[in-house]
Amino acid sequence: MGSSKTIVWFRRDLRIEDNPALAAAARDGCVFPVFIWCPKEEEQFYPGRVSRWWLKESLVHLGQSLKSLGAELVLIKTHSTVAALLDCIETIGATRVVFNRLYDPISLVRDHNIKEELVELGISVQSYNGDLLYEPWEIYDERGHAFTTFEAYWDKCLHMQMEPVSHLPPWRLVPAAGTVMKSSVEELGLEDEAEKSSNSLLGRGWSPGWSNADKALTEFAEHHLIDYVDCRLKVGTSTSLLSPYLHFGELSVRKVFQCVQLKQLLWAKEENNLKGKESVTLFLKSIGLREYSRYLCFNFPFTHERSLLSNLKYFPWNDNQVCFKAWRQGRTGYPLVDAGMRELWATGWIHNRIRVIVSSFAVKVLLLPWRWGMKYFWDTLLDADLESDILGWQYISGSLPDGHELERLDSPEIQGSRFDPEGEYVRQWLPELARMPTEWIHHPWDATIAVLKAAGVELGINYPKPIIDLDLARERLMEAIFKMWELEAAARTSNTNGTNEVVVDNTDDSENLAIPKVVLKEKVTCPTNSSNDQRVPTNQYSQNNPAYRKRSKYMEDERPQPDKLHNDDNVVGTSRKDEDLSSTAESSSAKKQATSRCSFSVPQYCSSSEAKPMQECESSDLRQPWQAEIEMEQSSTKDGKQSHFIV
Ligand SMILES: Cc1cc2nc3c(=O)[nH]c(=O)nc-3n(C[C@H](O)[C@H](O)[C@H](O)COP(=O)(O)OP(=O)(O)OC[C@H]3O[C@@H](n4cnc5c(N)ncnc54)[C@H](O)[C@@H]3O)c2cc1C
């Protein structure tokens, strides 16, 4: 063991096992584990109530584990992370700071800047891969380009050599002496007094903390993995439920991967275990989707505020607060959608298929800006994870080459009969429909008065009528798409050489949930940079690269003339007061924020896998890729059109 004093900066790697930063620090001498909570730096992506509850519980758990190994986890609440780190460095006389990397657009920039600041002051800084199977800069195609479809990306990953779990938990930690201004876990303010009673219910269903994550993985691998292929097909059943653990880094993804692969090996010896094989492949693909979400955020930053493809740039969103509220409260009149939204509000978790159904409904039926939905999920999900959330919303909104097409609109009624055939899920979350016969449970509006009366359902009184007729919604969606094409064509005409694209999308004109502006500046190379160290996004693509434009269903000259776009009288177009930490999850109405035309700097893309200095440029959309379908299923929609699903 060496004699250095190292600060271990914990963030979303709240575990002891397979924690490379902690292992490196423990190997080299005294450690000073610290968790710094800086709400100001979280900006609009300040975590929601349930996510903060999880974090608080997990910090307590980690603190106890570190204590039993000999070191205390120091908790600090601050207005500046770098100032807090500098305070720790000075107090204990540390010469080194270590941490595990994060890849969301906010952390990428913040960590890079902090690192440079510390290095300039002569402090050694090292970062490690504690979150991924493969670093985003390790996976490129043969031309050195980032992959733009999940299948190709994942195929490449599966053929790569993977580092085995090599970081055994330290058996003892030597604490570095020093006293800093620390906070108790209560003082961090992760849980308001008013939130405590709601949060106490969460404790009945979930046990945060890295050793509980371990138990959850074992339980899943031993008893439920085999049925994973079926769980993906029925809402109301459980998948692994590992997402909150993975989000907070309580579980090493390498360990999950290896544990599941081991099962595959064991099952391979058993005859006729096709189901096990299918389940393992599908589950590993899910883990791959999480990897891919980080990959896209790294290679195509700004995806949290702009669609990857520019196809939604001119989409005439319906910025209707009344519709947004009905969707949030589960009062759309479509039972499967409402059940999902009620479950989300009550428990902070919903099945992937329900996430797809409710998010598609928001975007395609209600025409709500996808960024509103993304922010609401962020505010309410227990596993709220910026990269996965971005990925999910872009997938359903036609923004990815291998995602759903924008014009595809599935009927919640048909989805209900497929994924909740007995109506159990709807009955569980919509008690007002509990006595509805199965035949009508997913479309109560078609039931006779006598049936409704016998079930105690009064449409429009104790359960809403459909917020919009689905056929009308289809028409509106197509009108909106035509309008988008029209605006797109007009913009092309006024900018024929294509080099001077306007840096806005039309959601900037509507009520906008201000999303952090991230500015990457050209900087000097960090002296501590090594090939294993953190990289920052490099330039990949020209935003006008036609290779990544999703093919439209209609050829240009086949497009029908658009009718006048539907205008909702209820549109509320007030501008929003800019507020930090705003949440769309507030029960009555979303907090207001300033509407601003987004004008910000993003890195320009060129083709290279080598780290290159950042360039500042004005841009908006990064036309790009995304996530793949984990399973392509055929489902008939009402009008007989075939459709396929992610999940
Ligand atoms: C609109 C939308 C928003 C989403 N927002 C989030 C989010 O904020 N946080 C989040 O963790 N997941 C999100 N997902 C992905 C997915 O729904 C959840 O990861 C999954 O339902 C979590 O349940 P599980 O742990 O039982 O997953 P399992 O099915 O058991 O999968 C195992 C793990 O794989 C990962 N995974 C599975 N599916 C996906 C996926 N489609 N994308 C990325 N990772 C995946 C998760 O880490 C998950 O824990 C979103 C999906 C959609 C469609």
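Residues numbered from 1 in each chain as written. Predicted model: local features only at pLDDT ≥ 70, side-chain atom pairs only at ≥ 80, totals over all residues. Heavy atoms only, no water.

> I'd like to hear about the site of the ligand, residue by residue, with values.
Within the structure, the ligand sits among 28 residues, and Y228, T239, S240, L241 and N352 are positioned closest to it. The contact in question runs from an oxygen atom of the ligand to an N or O atom on the side chain of Y228, over 2.5 Å. With respect to the ligand, the backbone of S286 contributes an N or O atom lying 3.2 Å from an oxygen atom. Within the complex, the protein chains bury 99% of what would otherwise be the 810 Å² of accessible surface of the ligand. Elements with a contribution of two residues or more to the shell around the ligand: α10 (243-247), α12 (274-299), α15 (352-365) and α17 (386-396). Considering every element that reaches the shell around the ligand, the biggest residue donor is α12, with five residues. Considered class by class, the residues forming the shell around the ligand number 13 nonpolar, nine polar and six charged. (Near = heavy atom within 4 Å. Polar contact = N/O pair within 3.5 Å; in protein donor to acceptor, adjacent residues only side chain to side chain. Areas by Shrake-Rupley, 256 points an atom, 1.4 Å probe, with all protein chains shown as cover. Helix = DSSP H or I, 4+ residues; strand = E, 2+ residues; numbered from the N terminus. Nonpolar A, V, L, I, M, F, W, Y, C, P; charged D, E, K, R; others polar.)

> Please give an account of the pairing of strand β5 (residues 124-128) that cites residues and values.
With five bridges joining them, strand β4 (residues 96-100) and β5 adopt parallel strand pairing. Pairing of F99 across the sheet is with S127, part of β5. With helix α5 (residues 105-120) bridging β4 and its parallel neighbour β5, the resulting β-α-β unit is right-handed. (Pairing = 2+ DSSP bridges. Right-handed = clockwise from strand over helix to strand, strands pointing away.)

> Give a detailed account of helix α1 (residues 20-28), specifying residues and quantitative values.
A large share of α1 lies buried, amounting to seven of its nine residues. Within the sequence span of α1, burial applies to P20, A21, L22, A23, A24, A25 and A26. At its buried positions, α1 is contacted by β1 (4-10), β2 (29-37), α3 (49-69), β4, β5 and α11 (253-268). One or two residues past the end of α1 sits G29, with phi positive at roughly 145°. (Buried < 20%, exposed > 50% of the residue type's maximum accessible area, 1.4 Å probe, protein only. Contact = heavy atoms within 4.5 Å.)

> Could you give me a rundown of the side chain of N19, with the residues and numbers involved?
Here N19 lies in the loop between β1 and α1. Its relative accessible area of 1% is what places N19 among the buried residues. At a separation of 3.2 Å, a polar atom in the side chain of N19 contacts the main-chain carbonyl oxygen of D13.

> Can you break down the packing of helix α6 (residues 150-158) against α12 residue by residue, with the values?
For the pair α6 and α12, interaxial distance at closest approach is 10 Å and the crossing angle is 105°. If you check the angle between α6 and α12, you find them roughly perpendicular. Packed against α6, whose contacting residues are F150, E151, Y153 and W154, the element α12 presents L284, K285, G288, L289, E291, Y292 and Y295 at the interface. Class assignment for the residues of the contact of α6 with α12 results in seven nonpolar, one polar and three charged. (Axes fitted to C-alpha atoms, helices over the stretch in contact; angles between N-to-C directions. Parallel < 35°, antiparallel > 145°, perpendicular 65-115°, else oblique.)

> How would you sum up a nonpolar patch on the surface? Please name residues and give values.
Residues L262, L265 and L266 make up a contiguous nonpolar surface patch of roughly 320 Å² in combined accessible area. Here L265 is to be found in helix α11. According to the relative accessible area criterion, L265 is exposed, its value standing at 58%. (Patch = residues over 30% accessible without salt bridge, like charges linked within 9 Å, V, L, I, M, F, W, Y side chains within 5 Å. Salt bridge = Lys/Arg side-chain N within 4 Å of Asp/Glu carboxyl O.)

> Quick one: what's the story with the sheet that holds β4, residue by residue and with numbers?
Spatially, β3-β2-β1-β4-β5 is the arrangement adopted by the five strands of the open sheet, whose pairing is parallel. Single-partner strands in this sheet number two, and they are β3 (74-77) and β5. Across the sheet, the axes of successive neighbouring strands diverge by a mean angle of 25°, strand direction being ignored. Relative to the sheet, α1 contacts β1, β2, β4 and β5, its axis offset from that of β4 by approximately 150°. The strands touched by α3 are β1, β2 and β3; relative to β2, the strand with the most contacts, the crossing angle is about 165°.

> Pulling in residues and values, what's your account of the packing of aromatic side chains?
Summed over all chains, the structure comprises 29 aromatic pairs. Each ring, one from W37 and one from Y46, has its centre 5.9 Å from the other, and the planes form 45°; the classification is tilted. Residues W37 and Y46 agree in their burial class; the two are buried. Sitting above the plane of the W9 ring, R11 keeps its charged end 4.3 Å from the centroid. The lysine or arginine in question, R328, covers the ring of F324, its NZ or CZ lying 4.6 Å from the ring centre. (Phe/Tyr/Trp six-rings, centres within 6.5 Å; stacked < 30°, edge-to-face > 60°. Lys NZ or Arg CZ within 6 Å of the ring centre and 35° of its normal.)

> I'd love a proper account of the packing of α3 against helix α7 (residues 196-205), names of residues and values included.
Two elements in contact, α3 and α7, have axes separated by 10 Å at closest approach and are oriented at 65°. Our pair here, α3 against α7, has a crossing hand that is right-handed. Residue-level inspection shows R49, V50, W53 and K56 of α3 in contact with α7, the latter providing K196, S198, N199, L202 and G203. Considering only residue class, the contact of α3 with α7 consists of three nonpolar, three polar and three charged. (Left-handed = near helix turned anticlockwise from the far one by under 90°.)

> Residues and numbers for the nonpolar core, please.
Counting residues in each nonpolar core, the largest one holds 78 residues, and the members touching the most others are F10, F35, L59, Y153, F283 and Y295. With 10 residues, the single largest contributor to this core is α12. Those residues in contact with F10 that lie beyond four places of it in its chain are R15, N19, L22, P33, V34, F35, I36, L62, L66 and L73. In terms of nonpolar packing, the next biggest core, distinct from the first, is built from 69 residues, I106, L336, A384 and Y425 among them. (Core = buried A, V, L, I, M, F, W, Y, C linked by side-chain atoms within 4.5 Å.)

> Please set out helix α8 (residues 210-224) residue by residue, giving values where relevant.
Helix length check: α8, at 15 residues, gives a terminal C-alpha distance of 20 Å against a target of 21 Å (1.5 Å per residue), a fit within 8%. Of the residues making up α8, those classed as buried are W210, N212, A213, L217, F220 and A221. Buried residues belonging to α8 abut α3, α9 (228-231), α10, α11 and α12. (Expected span 1.5 Å × (residues − 1).)

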